[in-house]
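# Secondary and tertiary structure notes
Letter by letter, the chains look like this.
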Amino acid sequence: MDSITLYSLILIILVGLPHGALDGAVSLCLEINNSLRNIIIFISVYILIAFIVVILWLNFSELALIFFLIISIMHFGIGDLEWESGFSKYILGFFIGGLVVVGTSLLNRDDVNNIFLYLSERTDMVWYFIEYSSYLWILSVPYFINKIDKFSTQFLIKIFFIFIFVVFLPPLLAFSFYFCFIHTVNHFGRIVPQLKNKMTNKKIFYTFLLFTLSSWLIGFIVYELFKDSFDFVELTYKILFIGLAALTVPHMILIDFYFRPLKKV
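All values reported here derive from a predicted model rather than from experimental measurement. (Residues numbered from 1 in each chain as written. Predicted model: local features only at pLDDT ≥ 70, side-chain atom pairs only at ≥ 80, totals over all residues. Heavy atoms only, no water.)

### Overview of the overall build of the protein
Rules: Helix numbers and strand numbers start at the N terminus; a helix is a DSSP run of H or I with at least 4 residues, a strand a run of E with at least 2. A simple rule labels every residue: compare its accessible area, found with a 1.4 Å probe on the protein chains alone, to the largest value its type can have, and call it buried under 20%, exposed over 50%, or partly exposed in between. Contacts between residues were defined by any pair of non-hydrogen atoms, one from each residue, lying within 4.5 Å. Surface exposure here means Shrake-Rupley accessible area, sampled with a 1.4 Å probe, where a residue is shielded only by the protein chains that are shown.
The number of helices and strands found in the protein is 11 helices and 0 strands. With respect to the three principal axes, the spread of C-alpha positions in the protein is 55 × 50 × 30 Å. Buried residues in the protein amount to 48% of all 265 residues. The long-range share in the protein, meaning contacts at least 24 apart out of those at least 6 apart in sequence, stands at 77%. Carbon and sulfur atoms provide 69% of the accessible area of the protein, an area that totals close to 13700 Å².

As C-alpha coordinates, then:
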(Lines give C-alpha, C1' and ligand atoms only; values in the text may rest on other atoms or scores of the structure.)
Protein backbone atom coordinates (compact mmCIF):
# COMPACT_ATOMS: atom_id res chain seq x y z
CA MET A 1 0.00 0.00 0.00
CA ASP A 2 1.53 3.31 -1.09
CA SER A 3 1.62 6.36 1.17
CA ILE A 4 -1.13 8.28 -0.68
CA THR A 5 -3.52 5.34 -0.31
CA LEU A 6 -2.62 4.91 3.36
CA TYR A 7 -3.11 8.60 4.16
CA SER A 8 -6.39 8.63 2.24
CA LEU A 9 -7.73 5.68 4.23
CA ILE A 10 -6.62 7.22 7.52
CA LEU A 11 -8.33 10.48 6.57
CA ILE A 12 -11.59 8.66 5.77
CA ILE A 13 -11.48 6.70 9.04
CA LEU A 14 -10.54 9.62 11.32
CA VAL A 15 -12.46 12.47 9.68
CA GLY A 16 -15.06 11.18 7.22
CA LEU A 17 -16.48 8.13 8.98
CA PRO A 18 -17.31 9.93 12.27
CA HIS A 19 -19.70 12.37 10.54
CA GLY A 20 -22.40 9.71 10.87
CA ALA A 21 -21.80 9.61 14.62
CA LEU A 22 -24.04 12.64 14.95
CA ASP A 23 -26.99 10.34 14.24
CA GLY A 24 -27.34 9.60 17.95
CA ALA A 25 -27.65 13.30 18.73
CA VAL A 26 -30.02 13.74 15.78
CA SER A 27 -32.33 11.06 17.18
CA LEU A 28 -32.34 12.87 20.53
CA CYS A 29 -33.03 16.18 18.80
CA LEU A 30 -36.00 14.63 17.02
CA GLU A 31 -37.14 13.14 20.35
CA ILE A 32 -37.01 9.65 18.89
CA ASN A 33 -34.97 8.68 21.91
CA ASN A 34 -37.02 10.36 24.61
CA SER A 35 -36.92 7.30 26.86
CA LEU A 36 -34.59 4.41 27.62
CA ARG A 37 -36.92 2.08 25.73
CA ASN A 38 -36.80 4.26 22.62
CA ILE A 39 -33.02 4.58 22.83
CA ILE A 40 -32.70 0.79 22.87
CA ILE A 41 -35.14 0.46 19.95
CA PHE A 42 -33.33 3.13 17.89
CA ILE A 43 -29.89 1.59 18.40
CA SER A 44 -31.23 -1.92 17.77
CA VAL A 45 -32.95 -0.94 14.50
CA TYR A 46 -29.87 1.02 13.38
CA ILE A 47 -27.61 -1.99 14.03
CA LEU A 48 -30.10 -4.41 12.46
CA ILE A 49 -30.24 -2.43 9.21
CA ALA A 50 -26.44 -2.26 9.11
CA PHE A 51 -26.19 -6.00 9.82
CA ILE A 52 -28.62 -6.82 7.00
CA VAL A 53 -26.49 -4.80 4.57
CA VAL A 54 -23.38 -6.74 5.60
CA ILE A 55 -25.14 -10.11 5.24
CA LEU A 56 -26.45 -9.19 1.80
CA TRP A 57 -22.98 -8.04 0.77
CA LEU A 58 -21.40 -11.31 1.85
CA ASN A 59 -23.93 -13.29 -0.20
CA PHE A 60 -24.51 -11.01 -3.21
CA SER A 61 -21.36 -8.93 -3.38
CA GLU A 62 -21.71 -7.53 -6.91
CA LEU A 63 -25.34 -6.51 -6.47
CA ALA A 64 -24.51 -5.11 -3.04
CA LEU A 65 -21.67 -3.04 -4.53
CA ILE A 66 -24.04 -1.62 -7.16
CA PHE A 67 -26.56 -0.82 -4.43
CA PHE A 68 -23.82 0.92 -2.45
CA LEU A 69 -22.90 3.03 -5.47
CA ILE A 70 -26.55 3.98 -5.99
CA ILE A 71 -27.10 5.09 -2.40
CA SER A 72 -23.71 6.85 -2.39
CA ILE A 73 -24.68 8.86 -5.48
CA MET A 74 -28.00 9.89 -3.98
CA HIS A 75 -26.76 10.46 -0.42
CA PHE A 76 -23.75 12.52 -1.49
CA GLY A 77 -25.79 14.41 -4.03
CA ILE A 78 -28.81 15.17 -1.87
CA GLY A 79 -26.66 15.61 1.23
CA ASP A 80 -24.45 18.27 -0.37
CA LEU A 81 -27.27 20.04 -2.18
CA GLU A 82 -28.67 23.26 -0.78
CA TRP A 83 -32.22 22.57 0.42
CA GLU A 84 -34.39 21.59 -2.52
CA SER A 85 -37.76 19.88 -2.65
CA GLY A 86 -39.63 17.87 -5.25
CA PHE A 87 -38.19 16.00 -8.21
CA SER A 88 -35.60 18.71 -8.77
CA LYS A 89 -33.80 17.52 -5.65
CA TYR A 90 -33.14 14.11 -7.18
CA ILE A 91 -31.94 15.42 -10.55
CA LEU A 92 -29.55 17.91 -8.97
CA GLY A 93 -28.53 15.32 -6.39
CA PHE A 94 -27.70 12.89 -9.18
CA PHE A 95 -25.58 15.57 -10.87
CA ILE A 96 -23.48 16.11 -7.73
CA GLY A 97 -23.33 12.52 -6.52
CA GLY A 98 -22.74 11.21 -10.03
CA LEU A 99 -19.83 13.59 -10.46
CA VAL A 100 -18.18 12.09 -7.38
CA VAL A 101 -18.94 8.39 -7.87
CA VAL A 102 -19.30 7.97 -11.64
CA GLY A 103 -16.71 10.60 -12.55
CA THR A 104 -14.05 9.23 -10.22
CA SER A 105 -14.68 5.67 -11.42
CA LEU A 106 -14.58 6.36 -15.16
CA LEU A 107 -11.53 8.63 -15.02
CA ASN A 108 -9.57 6.04 -13.01
CA ARG A 109 -11.07 2.79 -14.26
CA ASP A 110 -8.12 0.46 -13.59
CA ASP A 111 -7.34 1.79 -10.12
CA VAL A 112 -11.00 1.84 -9.09
CA ASN A 113 -11.59 -1.65 -10.47
CA ASN A 114 -8.75 -2.93 -8.29
CA ILE A 115 -10.60 -1.54 -5.27
CA PHE A 116 -13.91 -3.01 -6.48
CA LEU A 117 -12.28 -6.44 -6.77
CA TYR A 118 -11.53 -6.35 -3.05
CA LEU A 119 -15.26 -5.85 -2.47
CA SER A 120 -16.79 -8.12 -5.11
CA GLU A 121 -15.71 -11.29 -6.90
CA ARG A 122 -16.95 -9.86 -10.21
CA THR A 123 -17.30 -6.29 -11.46
CA ASP A 124 -18.82 -6.63 -14.95
CA MET A 125 -22.30 -5.58 -13.85
CA VAL A 126 -20.82 -2.81 -11.73
CA TRP A 127 -19.19 -1.21 -14.76
CA TYR A 128 -22.34 -1.59 -16.84
CA PHE A 129 -24.14 0.33 -14.13
CA ILE A 130 -21.45 3.04 -14.02
CA GLU A 131 -21.40 3.44 -17.80
CA TYR A 132 -25.17 3.75 -18.09
CA SER A 133 -25.19 6.12 -15.14
CA SER A 134 -22.72 8.33 -16.98
CA TYR A 135 -25.30 8.85 -19.76
CA LEU A 136 -27.89 9.86 -17.18
CA TRP A 137 -25.37 12.20 -15.59
CA ILE A 138 -24.78 13.93 -18.94
CA LEU A 139 -28.53 14.45 -19.21
CA SER A 140 -28.52 16.12 -15.77
CA VAL A 141 -25.90 18.70 -16.79
CA PRO A 142 -28.29 21.02 -18.74
CA TYR A 143 -30.72 20.94 -15.81
CA PHE A 144 -27.94 21.97 -13.42
CA ILE A 145 -26.84 24.79 -15.73
CA ASN A 146 -30.43 26.00 -16.03
CA LYS A 147 -30.67 26.20 -12.22
CA ILE A 148 -27.25 27.73 -11.68
CA ASP A 149 -28.52 31.25 -10.94
CA LYS A 150 -30.38 30.06 -7.85
CA PHE A 151 -27.28 28.58 -6.18
CA SER A 152 -25.09 30.51 -3.77
CA THR A 153 -21.52 31.39 -4.69
CA GLN A 154 -20.28 29.23 -1.82
CA PHE A 155 -22.14 26.21 -3.19
CA LEU A 156 -20.76 26.73 -6.71
CA ILE A 157 -17.23 26.99 -5.30
CA LYS A 158 -17.72 23.61 -3.64
CA ILE A 159 -18.86 22.12 -6.98
CA PHE A 160 -15.73 23.58 -8.59
CA PHE A 161 -13.50 21.91 -6.01
CA ILE A 162 -15.29 18.59 -6.51
CA PHE A 163 -14.42 18.85 -10.21
CA ILE A 164 -10.79 19.58 -9.32
CA PHE A 165 -10.60 16.60 -6.94
CA VAL A 166 -12.23 14.19 -9.40
CA VAL A 167 -10.24 15.23 -12.47
CA PHE A 168 -6.77 15.80 -11.05
CA LEU A 169 -6.32 13.59 -7.96
CA PRO A 170 -5.82 9.81 -7.62
CA PRO A 171 -9.24 8.19 -7.02
CA LEU A 172 -8.95 7.32 -3.34
CA LEU A 173 -7.38 10.68 -2.50
CA ALA A 174 -10.10 12.46 -4.50
CA PHE A 175 -12.78 10.55 -2.60
CA SER A 176 -11.16 11.17 0.79
CA PHE A 177 -10.81 14.93 0.13
CA TYR A 178 -14.40 15.15 -1.05
CA PHE A 179 -15.78 12.94 1.75
CA CYS A 180 -13.90 14.71 4.53
CA PHE A 181 -13.64 18.34 3.44
CA ILE A 182 -16.88 18.82 1.52
CA HIS A 183 -19.47 16.20 2.48
CA THR A 184 -18.53 15.96 6.17
CA VAL A 185 -18.11 19.74 6.53
CA ASN A 186 -21.50 20.28 4.84
CA HIS A 187 -23.10 17.73 7.15
CA PHE A 188 -21.70 19.27 10.33
CA GLY A 189 -22.53 22.79 9.18
CA ARG A 190 -26.13 21.82 8.47
CA ILE A 191 -26.83 19.50 11.42
CA VAL A 192 -24.99 20.99 14.39
CA PRO A 193 -26.88 24.34 14.48
CA GLN A 194 -30.15 22.40 14.53
CA LEU A 195 -28.90 20.21 17.38
CA LYS A 196 -27.87 23.28 19.39
CA ASN A 197 -31.47 24.44 19.36
CA LYS A 198 -32.42 21.35 21.35
CA MET A 199 -29.29 20.16 23.15
CA THR A 200 -26.26 21.46 25.02
CA ASN A 201 -22.85 21.42 23.38
CA LYS A 202 -21.70 18.95 26.01
CA LYS A 203 -24.48 16.49 25.22
CA ILE A 204 -23.84 16.78 21.48
CA PHE A 205 -20.11 16.20 21.95
CA TYR A 206 -20.37 13.19 24.24
CA THR A 207 -23.07 11.55 22.11
CA PHE A 208 -20.89 12.12 19.03
CA LEU A 209 -17.82 10.75 20.83
CA LEU A 210 -19.66 7.63 22.02
CA PHE A 211 -20.90 6.74 18.53
CA THR A 212 -17.50 7.50 16.95
CA LEU A 213 -15.55 5.33 19.39
CA SER A 214 -18.13 2.56 19.03
CA SER A 215 -17.74 2.48 15.23
CA TRP A 216 -13.94 2.44 15.51
CA LEU A 217 -14.12 -0.33 18.12
CA ILE A 218 -16.37 -2.48 15.93
CA GLY A 219 -13.98 -2.00 13.01
CA PHE A 220 -11.01 -3.00 15.18
CA ILE A 221 -12.82 -6.11 16.46
CA VAL A 222 -13.71 -7.19 12.92
CA TYR A 223 -10.10 -6.68 11.87
CA GLU A 224 -8.82 -8.82 14.73
CA LEU A 225 -11.33 -11.58 13.92
CA PHE A 226 -10.42 -11.78 10.22
CA LYS A 227 -6.79 -10.65 10.04
CA ASP A 228 -5.58 -14.22 9.50
CA SER A 229 -8.07 -14.81 6.66
CA PHE A 230 -7.19 -11.84 4.43
CA ASP A 231 -4.12 -9.77 3.72
CA PHE A 232 -3.94 -6.31 5.30
CA VAL A 233 -4.91 -4.32 2.20
CA GLU A 234 -7.90 -6.46 1.23
CA LEU A 235 -9.26 -6.63 4.77
CA THR A 236 -8.83 -2.87 5.22
CA TYR A 237 -10.85 -2.14 2.08
CA LYS A 238 -13.53 -4.65 3.05
CA ILE A 239 -13.96 -3.29 6.56
CA LEU A 240 -13.92 0.32 5.44
CA PHE A 241 -16.24 0.23 2.44
CA ILE A 242 -18.60 -2.55 3.49
CA GLY A 243 -18.75 -0.82 6.86
CA LEU A 244 -19.47 2.50 5.15
CA ALA A 245 -22.27 0.86 3.16
CA ALA A 246 -23.75 -0.69 6.29
CA LEU A 247 -23.74 2.62 8.15
CA THR A 248 -24.83 4.74 5.19
CA VAL A 249 -28.22 3.01 4.81
CA PRO A 250 -29.62 3.84 8.30
CA HIS A 251 -27.78 7.19 8.24
CA MET A 252 -29.39 8.09 4.91
CA ILE A 253 -32.85 7.07 6.10
CA LEU A 254 -32.53 9.21 9.23
CA ILE A 255 -30.93 12.29 7.66
CA ASP A 256 -32.12 12.49 4.05
CA PHE A 257 -35.66 11.13 4.45
CA TYR A 258 -36.56 12.35 7.93
CA PHE A 259 -34.37 15.02 9.53
CA ARG A 260 -33.69 17.33 6.56
CA PRO A 261 -37.24 17.31 5.16
CA LEU A 262 -38.57 18.01 8.67
CA LYS A 263 -36.12 20.86 9.35
CA LYS A 264 -35.91 22.11 5.73
CA VAL A 265 -32.10 22.33 5.92
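What follows continues from the structure just given.
### Quick word on the packing of helix 5 (residues 87-107) against helix 6 (residues 109-119)
How we decide: Working convention: axes come from line fits to C-alpha atoms, limited for helices to the stretch in contact. Angles between N-to-C directions cover 0 to 180 degrees. In this scheme, roughly parallel covers angles under 35 degrees and roughly antiparallel covers those over 145, while 65 to 115 is roughly perpendicular and the rest are oblique. The nonpolar class holds Ala, Val, Leu, Ile, Met, Phe, Trp, Tyr, Cys and Pro. Asp, Glu, Lys and Arg form the charged class, and all remaining residues, Gly among them, are polar.
Where helix 5 meets helix 6, the axes come as close as 5 Å, and the angle between the chain directions of the two elements is 110°. Considered as vectors, helix 5 and helix 6 are oriented roughly perpendicular to each other. Residues T104, S105, L106 and L107 of helix 5 lie in contact with helix 6, whose contacting residues are R109, V112 and F116. Tallied by class, residues from the contact of helix 5 with helix 6 come to 4 nonpolar, 2 polar and 1 charged.

### Side note on the packing of helix 4 (residues 61-80) against helix 7 (residues 124-146)
Applicable threshold: Crossing handedness is defined as follows: a turn of the near helix away from the far one that is anticlockwise and smaller than a right angle gives a left-handed crossing, while the clockwise case is right-handed.
Two elements in contact, helix 4 and helix 7, have axes whose closest approach is 8 Å; the angle formed by their N-to-C orientations is 25°. Overall, the two elements helix 4 and helix 7 adopt an arrangement that is roughly parallel. For helix 4 against helix 7, the interelement crossing comes out right-handed. Touching E62, L63, L65, I66, L69, I70 and I73 of helix 4 are D124, M125, V126, F129 and I130, all from helix 7. Of the residues contributing to the contact of helix 4 with helix 7, the split by class is 10 nonpolar, no polar and 2 charged.

### So, the side chain of D23
Within the secondary structure layout, D23 lies in helix 2 (residues 23-29). Excluding residues within four positions of it along the chain, D23 makes contact with F42, Y46, H251, L254 and I255.

### Looking at the packing of aromatic side chains
The following threshold applies: Working definition: a ring pair exists when centres of Phe, Tyr or Trp rings (six-membered ring for Trp) sit within 6.5 Å. Plane angles under 30 degrees give stacked, over 60 give edge-to-face, the rest tilted.
Scanning the entire structure with this criterion turns up 22 aromatic pairs. Residues F95 and F144 carry aromatic rings whose centres are separated by 4.1 Å and whose planes lie at 15° to one another, so their mutual orientation is stacked. With F95 in helix 5 and F144 in helix 7, the pair connects residues that are 49 residues apart, well separated along the chain. When its relative accessible area of 7% is taken as the criterion, F144 is described as buried. When the ring of F175 is compared with that of F241, the centres are 6.2 Å apart and the planes differ by 45°; the resulting orientation is tilted. Here F175 is found in helix 9 (residues 171-196), whereas its partner F241 is found in helix 11 (residues 232-263), with 66 residues between them in sequence. Here the two residues F175 and F241 agree in accessibility, since each one is buried.

### Concerning the pattern of salt bridges
So the rule is basically this: Basic side-chain nitrogens of Lys or Arg form a salt bridge, by our definition, when they fall within 4 Å of a carboxyl oxygen of Asp or Glu.
Under the defined criterion, the tally for this structure stands at 4 salt bridges. R122 is paired through a salt bridge with D124; the nearest N and O atoms lie 2.5 Å apart. Of the charged contacts, one joins K238 and E234 as a salt bridge, the two residues approaching to 3.8 Å between their closest N and O atoms. Of this pair, K238 and E234 both sit in helix 11, 4 residues apart, which is roughly one turn of the helix.

### As for the side chain of H19
Put simply, the test is: Whenever two N or O atoms come within 3.5 Å, that pair is a polar contact, provided that in protein one can donate a hydrogen and the other can accept it, and provided that, for residues adjacent in sequence, both atoms are side-chain atoms.
Mapped onto the fold, H19 is located in the loop between helix 1 (3-16) and helix 2. Note on H19: relative accessible area 5%, which makes it buried. At a separation of 3.4 Å, a polar atom in the side chain of H19 contacts the side chain of H251. Residues in contact with H19, not counting those within four places in the same chain, are H75, F179, H183, T184, H187, F188 and H251.

### Some words on the environment of K150
The topology assignment puts K150 in the loop between helix 7 and helix 8 (153-168). You can call K150 partly exposed: its relative accessible area is 45%. Spatially, the C-alpha atom of K150 lies 47 Å from that of F232, the residues being 82 residues apart in sequence.

### A word on helix 9
Our working rule: For a helix, the expected span equals 1.5 Å multiplied by the residue count minus one. What the bend at a residue measures is the angle between two axes, fitted to the seven residues ending there and to the seven starting there.
Spanning 26 residues, helix 9 covers 36 Å between terminal C-alpha atoms, matching the ideal 38 Å at 1.5 Å per step. Taken as a whole, helix 9 carries its principal kink of about 30° at F179. Across the 26 residues of helix 9, 19 count as buried, placing the element largely inside the fold.

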